[in-house]
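For reference, the chains in residue letters:
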Amino acid sequence: MSLIRYSKRRGFTLIELLVVIAIIAILIALLVPAVQKVREAAARTQCINNLKQLGLGLHGYHDANKKLPLLLINNGGTRSTNPQGNEGRNTGLMMILPYIDQTPLFTWTSQQQTVSGVAILPFGPIRSTVYQPYNVQIPVFTCPSNGAPAQIWGLTWGASSYGVCIGDTILNNHFANTRGVFGPTQTTMVGISDGTSNTMFFAERAFGSGNNRSIHGYFANNVASLNTSPITCLSTASNGLYLPAQSVMTDRPSGVQWFDGYPAFTAVNTVLPPNSPSCAADNWGDSWGVFSANSYHTGGVNVGLADGTVRFVSNSVNTGNPASPEVTSGPSPYGVWGAMGTRSSGETFAMPD
């Protein structure tokens, strides 16, 4: 008679299994924030590099033309003319495309074309006709921290995470004078008398990416008294969201059309602190308002200066008296932030750390 031995296999007890699961959960909880920090650090670095490339592009354009681009390009046509035009609202940044490795795109947009039987002037149209060059996503225009751009009328256009600086100017009907580098006349580097290391070319302005109550990429509309008391805009939002009772421009977010030069969509004025709400005086953002810099980086925004450097500016930067009416001459009433935006206002200040 043979003896058969049975070995008893011991498995995990329920308690041991729960302990292992708990340890794994703790490790994941520790690892995920670390990975997110690394990703955000990489995104912020890329964002800084983008602003440096844009600054170099502006310098390249200036070297070739002895002046900087206009705020807006007007090709003399509208959506109703034949050929169709851009209604005077395309961004002047289109002129630096050859200086940021986008020469084919510049060539494409700077020639008259026929699209679906419609004649199109160079640098146009702004809308009405589906114009393929404007679908191009230009990498240097997009901060990786931004989400996917929101659609307009069912279409996804090329987006921009950066706004050109119009200074501390509020009452700007697009062709009025501004106190920043960009306006209706072309500034020269010599004309930046406050110093190129003290004056902004660009600041981050996150484009619309889904939540149309967010201050990131959207703006309140029909807000009164912005030019006499810009602090009014602060009361339209709380904790990064516009208040439920506040009307918001939802069908045309800012930044989701890189080629649109109206300040409501692709510009920044240095009045309210970074990551404040933005407000337009009219219903559509076609007039004027307070358009704040904002980003998805923690605590502030990156800005590109006229000397080609990039600085991170905190939300707590000195903004002077945001209840002050705007001024048209002399030092900015909006503190260090306002002074960074103006090109020739005679301010003396220390750049924020």
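Residues numbered from 1 in each chain as written. Predicted model: local features only at pLDDT ≥ 70, side-chain atom pairs only at ≥ 80, totals over all residues. Heavy atoms only, no water.

Peer 1: A description of the overall build of the protein should follow, citing residues and the corresponding values.
Peer 2: Each helix and strand in the protein was counted, giving four helices and 15 strands. Projected onto the principal axes, the alpha-carbon positions of the protein cover approximately 110 × 55 × 45 Å. Each of the 353 residues in the protein was classed as buried or not, and the buried ones make up 52%. Sequence-distant contacts in the protein: of pairs separated by 6 or more residues, those separated by 24 or more amount to 67%. Here the protein has roughly 15,800 Å² of accessible surface; of this, 58% comes from carbon and sulfur atoms. Averaging the positions of the 19 positive and the 16 negative side-chain charges in the protein gives two centres separated by 14 Å. (Helix = DSSP H or I, 4+ residues; strand = E, 2+ residues; numbered from the N terminus. Buried < 20%, exposed > 50% of the residue type's maximum accessible area, 1.4 Å probe, protein only. Contact = heavy atoms within 4.5 Å. Areas by Shrake-Rupley, 256 points an atom, 1.4 Å probe, with all protein chains shown as cover. Lys, Arg positive; Asp, Glu negative; His and termini not counted. Charge placed at Lys NZ, Arg CZ, Asp CG, Glu CD.)

Peer 1: Could you give an account of the state of the cysteines, with specific residues and numbers?
Peer 2: In the structure shown here, the tally under the stated rule is one disulfide. Paired by a disulfide, C233 and C279 hold their sulfur atoms 2.1 Å apart. The S-S bond linking C233 to C279 shows a torsion near 90°; that makes this disulfide right-handed. Within this pair, whereas C233 is found in the loop between strand 7 (219-220) and strand 8 (237-238), its partner C279 is found in strand 12 (residues 279-280), the two being separated by 46 residues in sequence. Distance from the sulfur of C47, which forms no disulfide, to the nearest cysteine sulfur (C143) is 3.3 Å. (Disulfide = S-S within 2.5 Å.)

Peer 1: How would you sum up unusual backbone geometry? Please name residues and give values.
Peer 2: For the bond from N82 to P83, the omega torsion is 5°, close enough to zero to count as cis. Of note, P83 is situated in the loop between strand 1 (72-73) and strand 2 (90-91). One non-glycine residue, F123, lies in positive phi territory at about 55°. Looking at where F123 falls in the secondary structure, it is placed in the loop between strand 4 (118-120) and strand 5 (162-165). A relative accessible area of 12% means that F123 is categorised as buried. For N239, which is not a glycine, the phi torsion comes out positive at approximately 55°. The residue N239 is located in the loop between strand 8 and strand 9 (241-242) in this model. Under the relative-accessibility criterion, N239 is labelled exposed at 79%.

Peer 1: I'd like a description of the sheet that holds strand 11 (residues 267-268), backed by residues and values.
Peer 2: Sheet strands pair by backbone hydrogen bonding; their relative direction is either parallel or antiparallel. In space, the five strands of this open sheet follow the order 11-5-6-14-15, with mixed pairing throughout. The open sheet has two free edges, formed respectively by strand 11 and strand 15 (310-314), since each of these has just one partner strand. When strand 5 meets strand 6 (residues 200-204), the two strands line up antiparallel, connected through three bridges. Across the sheet, G163 pairs through a bridge with A203, a residue of strand 6. (Pairing = 2+ DSSP bridges.)

Peer 1: Which residues make up a nonpolar patch on the surface, and what are the values?
Peer 2: On the surface, a nonpolar cluster with roughly 620 Å² of combined accessible area is contributed by I15, V19, I23, I26, L27 and L30. Tracing the backbone through its elements, the reader meets L27 in helix 1 (residues 14-65). Judged by its relative accessible area of 53%, L27 is exposed. (Patch = residues over 30% accessible without salt bridge, like charges linked within 9 Å, V, L, I, M, F, W, Y side chains within 5 Å. Salt bridge = Lys/Arg side-chain N within 4 Å of Asp/Glu carboxyl O.)

Peer 1: I'd like to hear about the pairing of strand 14 (residues 300-305), residue by residue, with values.
Peer 2: Sheet faces and side chains relate simply in a regular strand, where the side chains alternate between the two faces. With six of six residues buried, strand 14 is to be regarded as a mostly interior element. Sheet topology places strand 6 next to strand 14; three bridges connect them, and they run antiparallel. Across the sheet, the residue bridging to M200 is L305, located in strand 14. Sheet topology note: the strand 14/strand 15 ladder contains five bridges and is antiparallel. Considered in strand 15, the bridge of V303 is made with R311. A loop of four residues connects strand 14 with strand 15, the two strands running antiparallel in sequence, and G308 in this loop sits at a positive phi of about 95°.

Peer 1: Give a detailed account of the nonpolar core, specifying residues and quantitative values.
Peer 2: Counting residues in hydrophobic clusters, the biggest one holds 69 residues, and the most contacted among them are L54, L58, F201, F202, L226, Y242 and W258. Counting residues per element, this core draws most heavily on helix 1, which supplies five residues. Residues V268, V301, V336 and F349 belong to the second largest nonpolar core, which totals 16 residues. (Core = buried A, V, L, I, M, F, W, Y, C linked by side-chain atoms within 4.5 Å.)

Peer 1: Talk me through the pattern of salt bridges; I want residue IDs and the actual numbers.
Peer 2: For the coordinates displayed, the defined rule picks out five salt bridges. In this structure, R179 and D168 form a salt bridge, with 2.7 Å as the shortest nitrogen-oxygen distance. Here R179 is found in the loop between strand 5 and strand 6, whereas its partner D168 is found in the loop between strand 5 and strand 6, with eleven residues between them in sequence. D168 carries the same exposure label as R179, and that label is buried. Through salt bridges with shared partners, a single ionic network connects R89, R252, D260 and D286.

Peer 1: Kindly report on the side chain of D260, identifying the contributing residues and their values.
Peer 2: Within the secondary structure layout, D260 lies in the loop between strand 10 (248-249) and helix 3 (263-266). Side-chain polar atoms of D260 contact the backbone nitrogen of Y262, separated by 3.1 Å. Once residues lying within four places of it in the same chain are set aside, the contact partners of D260 are R89, T91, I126, R252, F265 and T266. (Polar contact = N/O pair within 3.5 Å; in protein donor to acceptor, adjacent residues only side chain to side chain.)

By themselves, these figures tell us nothing about what the structure is for.
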